[in-house]
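Notes for the structure review
For reference, the chains in residue letters:
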Amino acid sequence: MAAFKHLTIIILSSILISCGSNSGKKNADFKIITNAEKGDIAIDGTLKLSIQNKKNHTIDSIVYTLDGKVLAAETPLLNFKLGKQSIIAKVFYNNEQQTASTNITILNDETPKIFTYRIINEYPHDITSYTQGIEFFNDTLYESTGQYKESKLRKINYHTGEVLKNINLANEYFGEGLTILNNKVYQLTWQKGTGFVYDVNTFDKLSSFKYGNSKEGWGLCNNGTVIFKSDGTEKIWLLNPETLIEEEFIQVYTNKGKIVGINEMEYLDGKIYANRYQKDGVAIINPKNGAVIGVVDFSPLKKRVTQHDGLDVLNGIAYNPTTKTMFVTGKRWDKLFEVEIIEK
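Okay, so let's go over this structure. (Residues numbered from 1 in each chain as written. Predicted model: local features only at pLDDT ≥ 70, side-chain atom pairs only at ≥ 80, totals over all residues. Heavy atoms only, no water.)

**Some details on the sheet that holds strand β12 (residues 131-137)**
Spatially, four strands are ordered β12-β13-β14-β15 in an open sheet, and the strand pairing comes out antiparallel. Each edge of the open sheet carries a strand with a single partner, namely β12 and β15 (162-168). Neighbouring strand axes in the sheet, compared pairwise and without regard to direction, differ in orientation by 20° on average. Bridging between β12 and strand β13 (residues 140-145) involves six bridges; their strand directions are antiparallel. What sits directly across from Glu135, in β13, is Tyr142. (Pairing = 2+ DSSP bridges. Helix = DSSP H or I, 4+ residues; strand = E, 2+ residues; numbered from the N terminus. Axes fitted to C-alpha atoms, helices over the stretch in contact; angles between N-to-C directions.)

This is how it looks when you write it as C-alpha cells:
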C-alpha cells in the first residue's frame, strides 16, 4: 500500500444494533477496517480505522465522515452517542474518488445500576383512565389518556383525584404522552402523526404539529429548552420547542444492546426516567448519549391496586417540584403512588 499523504477522520451519527457491515460500490477497491469486534465497541474504547486497499492504488487522501466531526485515526468514543454508527470513507486516488462504508455499534461500558423504591403516599386515581402521560405544573397533575373515543387531557387535584378541567380528543385520535413548557401543554397522539398544543390554564387549542421521521407518538418530557419524544422504538427524538421539528435523536442502549419500547418519560436532574412498555419498570437514561445508567422495578405496585379485567401496565411517571418526589401510576389503576427511588 502506498504511503498516505493525508488522513482525516470524521464520524456520522445514526443508531440501532448491528454487526459491522460494509457497503458502497459493488466490488469496491477499498474496504474500511475497524477494531470493533463483530461490529461492537464500548464507549470507553478507542476506535481505530484503516483502509484495505485491494488493488494497491496510490492513495492521495482519505476522509472518514460522520456528521462533520473531525477525528484522529485513533479516536476515543466517550463523547459519542451510543448505537449504530455509519462510517463513510471517501478515498481519493489517481484523480478519482471512491466511497466505502461500514457500521459499528457503540455500547455502554457499564451495566445499569439497580434501583428500588419506597412508597411515601397513595392517592386516588380514576380507574377508567388509560394513562399515557402525567406531569406536574404548579403542584397540579396533568394527565393524557388513550384509547379511541376515550382519549382526554385532564387537570387533576392529585390529593383527591378530582378532575379540575377536562377536554376530550376527537374520536379518531388515540391520546399519548404530554409535557408542559412555557405555559403550553404538548400532547401526542399515537398513529396519526399529529400532536396538539394547548394553553396550560384554559386548555384552548393553540396549534397542532406533525411528526418528522418518527412514525408514532408515545411519550414526551422536556428539560426547559428541549422537548424529548419517544416513538416506541429505541429512539428518543429531540424537538425544537418553537418549531417542534425533530432536530436529532439518541438511541437507548445498555452494555449489551438496544432497549426498545421507550414510552412515557420524565426529565429530572439531567436524566430521563422512561417507562418501558409492558415491562412495569423504568429505565434511567443519559440524554446526551442514550446510555441506560439505571433501572427501577416497579412491578410490585400493580398488585397494590384494584384487580379488574381492564387493568393494564405501569405507565405514568412525574416529578413534583413542590414535594420533591416522584409519582407513578398505570393504565386503569385506581391509585397514584408517591415514591422515593433508592439505589440498592
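**Comments concerning the packing of aromatic side chains**
Counted by the stated rule, this structure contains 19 aromatic pairs. Where Tyr142 meets Phe203, the ring centres are 6.1 Å apart and the plane angle is 55°; that geometry is what we call tilted. Of the two residues, Tyr142 is situated in strand β13 and Phe203 in the loop between β18 (194-199) and β19 (205-210); the sequence distance between them amounts to 61 residues. Each member of the pair, Tyr142 as well as Phe203, is classed as buried. Among the aromatic residues, ring-to-ring pairing joins Tyr123, Phe136, Tyr158 and Phe327 into one connected group. (Phe/Tyr/Trp six-rings, centres within 6.5 Å; stacked < 30°, edge-to-face > 60°. Buried < 20%, exposed > 50% of the residue type's maximum accessible area, 1.4 Å probe, protein only.)

**Observations regarding unusual backbone geometry**
Excluding glycine, residues mostly carry a negative phi; peptide bonds, for their part, are mostly trans. If you check the backbone angles, Asn95 has positive phi at about 60° while not being a glycine. Within the secondary structure, Asn95 is located in the loop between β9 (83-93) and β10 (96-107). Overall, the relative accessible area of 84% leaves Asn95 in the exposed class. If you check the backbone angles, Lys324 has positive phi at about 60° while not being a glycine. Among the secondary structure elements, Lys324 is positioned in the loop between β28 (314-320) and β29 (325-330).

**Structural notes on empty space enclosed by the protein**
One simple way to see leftover space: roll a probe sized like a water molecule over the atoms. One pass over the full model with this rule turns up one cavity of 30 Å³ or more. By volume, the largest cavity amounts to about 60 Å³. Taken together, Pro124, His125, Asp126, Ser129, Leu141, Glu143, Arg154, Ile156, Tyr158, Gly161 and Leu336 make up the full set of residues lining the largest cavity. Secondary-structure elements contributing two or more residues to the lining of the largest cavity are β13 and β14 (152-157). Grouping the amino acids of the lining of the largest cavity by side-chain chemistry returns five nonpolar, three polar and three charged. (1 Å grid on protein atoms, 1.4 Å probe; cavity = no way out; pocket = protein on both sides within 12 Å on 5 of 7 lines; lining within 4 Å. Points joined across faces, edges and corners; volume = space filled by probe spheres on them. Nonpolar A, V, L, I, M, F, W, Y, C, P; charged D, E, K, R; others polar.)

**Re the side chain of His125**
Tracing the sequence through the fold places His125 in the loop between β11 (113-124) and β12. Within the structure, the side chain of His125 is placed 3.4 Å from the side chain of Thr131, a separation counted as a polar contact. A polar side-chain atom of His125 sits 2.6 Å from the main-chain carbonyl oxygen of Trp333. Every residue in contact with His125, bar those within four places of it in the chain, is listed here: Thr131, Glu143, Thr329, Gly330, Trp333, Asp334, Lys335 and Leu336. (Polar contact = N/O pair within 3.5 Å; in protein donor to acceptor, adjacent residues only side chain to side chain. Contact = heavy atoms within 4.5 Å.)

**A short note on the sheet that holds strand β5 (residues 46-53)**
The sheet built from three strands is open, its strands ordered β3-β5-β8 with antiparallel pairing. In the strand order of this sheet, the two ends are held by β3 (30-34) and β8 (74-76), each with one partner. Here the average twist between neighbouring strands, direction ignored, is 25°.

**Structural notes on the layout of surface pockets**
One number sums up the size of the largest pocket: a volume of about 220 Å³. Lining of the largest pocket is provided by 14 residues; of these, Glu135, Asn222, Glu266, Tyr267 and Pro321 occupy positions nearest its centre. For the lining of the largest pocket, the elements supplying multiple residues, two or more each, are β12, β16 (175-181), β20 (219-222) and β24 (262-268). Of the residues in the lining of the largest pocket, the class split is eight nonpolar, four polar and two charged.

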